[in-house]
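Results of the structural survey
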Amino acid sequence: MEQRPILMIIGDGMGDRPVPELDGRTPLAAARTPVLDELASGGACGLLDPIGPGVCAGSDTAHLALLGYDPYRYYTGRGPLEAAGVGLEPREGDVAFRCNFSTVEERDGELIVVDRRAGRIEEGTEELAAALDGLELLDGEVTAHFRESVAHRAALVLRGGKLGGEVADVDPHHEGVTVEPCRVLLPEGDPGYVPARRTAAALDEFIRRSFEIMGGLEVNRRRREAGRLPANIILPRGGGLVPHIPTFERRYGLRAGAVVEVGLLQGLLGSYLGLELIDCPEATGGMDTDVAAMAAALTRAVEDYEFIFLNLKAPDLAGHDDLPREKIRACELLDELLGRLRPVWEGRVVMAVSADHSTPCECGDHAGDPVPLLVHGPGVRPDTVKTYDEFACAAGALGHPLGRDLLPLLLTYANRYTKFGA
Ligand SMILES: [Zn+2]
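Residues numbered from 1 in each chain as written. Predicted model: local features only at pLDDT ≥ 70, side-chain atom pairs only at ≥ 80, totals over all residues.

Let's talk about the overall build of the protein
Counting secondary structure elements, the protein contains 15 helices and 13 strands. Taking 422 residues into account, the globule formula puts the C-alpha radius of gyration at 22 Å, and the protein, at 23 Å, falls close to it. Taking the principal axes of the C-alpha coordinates as reference, the protein spans close to 70 × 55 × 40 Å. Within the protein, contacts between residues separated by at least 24 positions form 70% of all contacts whose residues are at least 6 apart in sequence. (Helix = DSSP H or I, 4+ residues; strand = E, 2+ residues; numbered from the N terminus. Rg over C-alpha atoms; globule rule 2.2 N^0.38 Å. Contact = placed C-beta atoms within 7 Å.)

In structure tokens, the structure reads:
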């Protein structure tokens, strides 16, 4: 049997609800998408719940599920993903946090948050991070690994001995309030309490020392001179214990590459799951993204990889902004991309087109509504669905699978399955 390449194409946040100004159609239903409709006619369709019915999925948890990883097992908060994304290479047993460079003021021995983003700091964060990276905490038992990200963002990894991830955010998420010590989210006596208590103690020490060290750094001297707020403390949030996570290649035995536009997914797919990130500088993550360049990158990738993934961010942006007509354009971008991919999907590739979650315009955010799914390729039995949208796909032969069902289905059509039983 021929083993076929697999292509998974995700329109980020593409699912939607009936929109009154579109006469009750969804943006996808209202969009002109001849290629998607042709693929729906030639393939099998369904409605997919990325994580579970009614579960409002984040892009990160949804992508874990779509790639066959149980998000309830492998997702332990944004911290580990952020740390992977900035190249800190978190290991199993570390606890990782997302952080902000922030500004505080000391009053009566308390630290009051003046600006959570340190005057929207853009420059000098590398120098600030270098002063904190490698700090030894708890008498040398725990080491802090720290690196700057974009603008006021950064990531922290605590490593050493048994640490727990169940700690609250130290970042109070508001200005004008006191920075409180890190709280443990488990009751005393819980088996996880002691390791989480250790994390909290190491984190409190790190934050105190960040305040002692950062105020005196050259970057902040320059900022004060220029009338800017100093970045004089680190405020962590989104802490999580780093799980053992097998790479995609190890798990499925497939050489895998991905074209993804946004940092969160680059961190998740590239650093965390070990897919190779395929370079495509023209993919901007906005409405001005270059789908011709993306199609060209995917076409080349089919020669080099056995599994190729693509996420087009544009539909999600329009959903967040409650711009149905912009979302129509984003869906038409996806159609154009697939048109340019015709030589690929007319060949021996098994391809799925779906979304990671709905971002309904009326919600302006993610929601738990199921998303359209189509699977196309040699060996796929066409069903009666002729158009690709949330309404038509509901009648498709694939029914109503979960996100985690998708990859096994594609492995089957690609003749890359193994038998369960005799
Ligand atoms: Zn998303």
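Brief notes about the pairing of strand E13 (residues 371-376)
Counting buried residues along E13, six of its six residues qualify, which places the element largely inside the surrounding structure. Side chains Val371, Leu373 and Val375 project from E13 onto one buried face, and the interleaved Pro372, Leu374 and His376 project onto a second face that is buried too. Alignment of strand E2 (residues 44-48) against E13, held across five bridges, turns out to be antiparallel. Within E13, the position partnered with Leu47 by the bridge is Pro372. (Buried ≥ 20, exposed ≤ 12 C-beta atoms within 10 Å, placed from the backbone. Pairing = 2+ DSSP bridges.)

Comments concerning the environment of Leu203
Inspection of the secondary structure assignment puts Leu203 in helix H7 (residues 193-214). For the pair Leu203 and Pro181, spaced 22 residues apart in sequence, the C-alpha separation works out to 8.8 Å.

Things to note about the sheet that holds strand E9 (residues 256-259)
The seven strands are arranged E2-E13-E12-E1-E11-E9-E10 in an open sheet whose pairing can be described as mixed. Because the sheet does not close on itself, it has two edges, and the strands there are E2 and strand E10 (276-277). Of the strand pairs in this sheet, strand E12 (residues 350-354) and E13 are connected by three bridges, and their pairing is antiparallel. Of the residues in E13, the one forming a bridge with Ala352 is Val375. Set on the sheet, helix H2 (residues 34-42) makes contact with E2, E12 and E13; between it and E13 the angle comes to about 65 degrees. (Axes fitted to C-alpha atoms, helices over the stretch in contact; angles between N-to-C directions.)

Focus: helix H10 (residues 263-272)
The element H10 is largely enclosed, with a buried count of seven among its 10 residues. Of all the positions in H10, only Leu265, Gly267, Leu268, Leu269, Gly270, Ser271 and Tyr272 are classed as buried. For H10, the secondary structure elements touched by its buried residues are helix H3 (59-66), helix H5 (78-85), E9, E10 and strand E11 (307-312). Phi turns positive, to about 75 degrees, at Gly274, one or two residues after H10.

So, unusual backbone geometry
In this model, Arg120 sits at a positive phi of 50 degrees, which is unusual for a non-glycine residue. Secondary-structure assignment places Arg120 in the loop between strand E4 (110-115) and helix H6 (125-132). Using a count of 11 C-beta atoms within 10 Å as the deciding quantity, one classes Arg120 as exposed. Of note, the phi angle at Asp139 is positive, near 55 degrees, even though the residue is not glycine. Tracing the chain through its elements places Asp139 in the loop between strand E5 (136-137) and strand E6 (142-148). Judged by the 7 C-beta atoms lying within 10 Å of it, Asp139 falls in the exposed class.

Re the packing of helix H11 (residues 291-304) against helix H13 (residues 324-340)
Where H11 meets H13, the closest approach of the two axes is 9 Å, and the angle between their N-to-C directions is 40 degrees. Relative to H13, the element H11 lies oblique. Our pair here, H11 against H13, has a crossing hand that is right-handed. When H11 is examined against H13, the residues Val291, Ala292, Met294 and Ala295 are found in contact with a partner set consisting of Leu333, Glu336, Leu337 and Arg340. Its residues assigned to classes, the contact of H11 with H13 shows six nonpolar, no polar and two charged. (Parallel < 35°, antiparallel > 145°, perpendicular 65-115°, else oblique. Left-handed = near helix turned anticlockwise from the far one by under 90°. Nonpolar A, V, L, I, M, F, W, Y, C, P; charged D, E, K, R; others polar.)

Some words on the domain arrangement of the protein
Per the domain assignment, the segments of the protein are domain 1 (6-74 + 245-413) and domain 2 (80-241). Element by element, the count of residues in the side of domain 1 that touches domain 2 is highest for H10, at seven residues. The class makeup of the residues in the side of domain 1 that touches domain 2 is three nonpolar, four polar and one charged. (Domains from an automatic or database assignment.)

Remarks on the environment of Leu410
Along the polypeptide, Leu410 turns up in helix H15 (residues 403-413). When the 23 C-beta atoms within 10 Å are taken as the criterion, Leu410 is described as buried. Placed 45 residues apart in sequence, Leu410 and Asp365 show a C-alpha to C-alpha distance of 29 Å. In contact with Leu410, other than residues within four places in its own chain, are Ile6, Val350, Ala352 and Val375.

As for the environment of Glu336
Within the fold, Glu336 resides in helix H13. Here Glu336 falls in the partly exposed class, since 16 other C-beta atoms lie within 10 Å of it.

Let's talk about H7
With 22 residues, H7 extends 31 Å from end C-alpha to end C-alpha; this agrees with the ideal 32 Å at 1.5 Å per step. Regarding H7, the residues found buried are Pro195, Ala196, Arg198, Thr199, Ala200, Ala202, Leu203, Phe206, Ile207, Ser210 and Met214. (Expected span 1.5 Å × (residues − 1).)

Comments concerning the nonpolar core
With 134 residues, the main nonpolar core has Leu156, Val259, Met294, Leu298, Ala352, Leu373 and Leu410 as its most contacted residues. For this core, the domains that each give at least three residues are domain 1 (6-74 + 245-413) and domain 2 (80-241). Ala352 has contacts with Met8, Ile9, Leu373, Leu374, Val375, Leu406 and Leu410, leaving out every residue within four places of it along the chain. (Core = buried A, V, L, I, M, F, W, Y, C linked by C-beta atoms within 7 Å.)

Re the pairing of strand E1 (residues 6-11)
Looking along a regular strand, one sees the side chains alternate between the two faces of the sheet. With respect to burial, E1 is a largely interior element, six of its six residues being buried. The two faces of E1 match: Ile6, Met8 and Ile10 on one face and Leu7, Ile9 and Gly11 on the other face are all buried. The sheet contact formed by E1 and E12 spans five bridges and is parallel. Bridged to Leu7 within E12 is Met351. Examined bridge by bridge, E1 and E11 share six bridges and lie parallel to one another. Looking across to E11, one finds that Met8 is bridged to Phe309.

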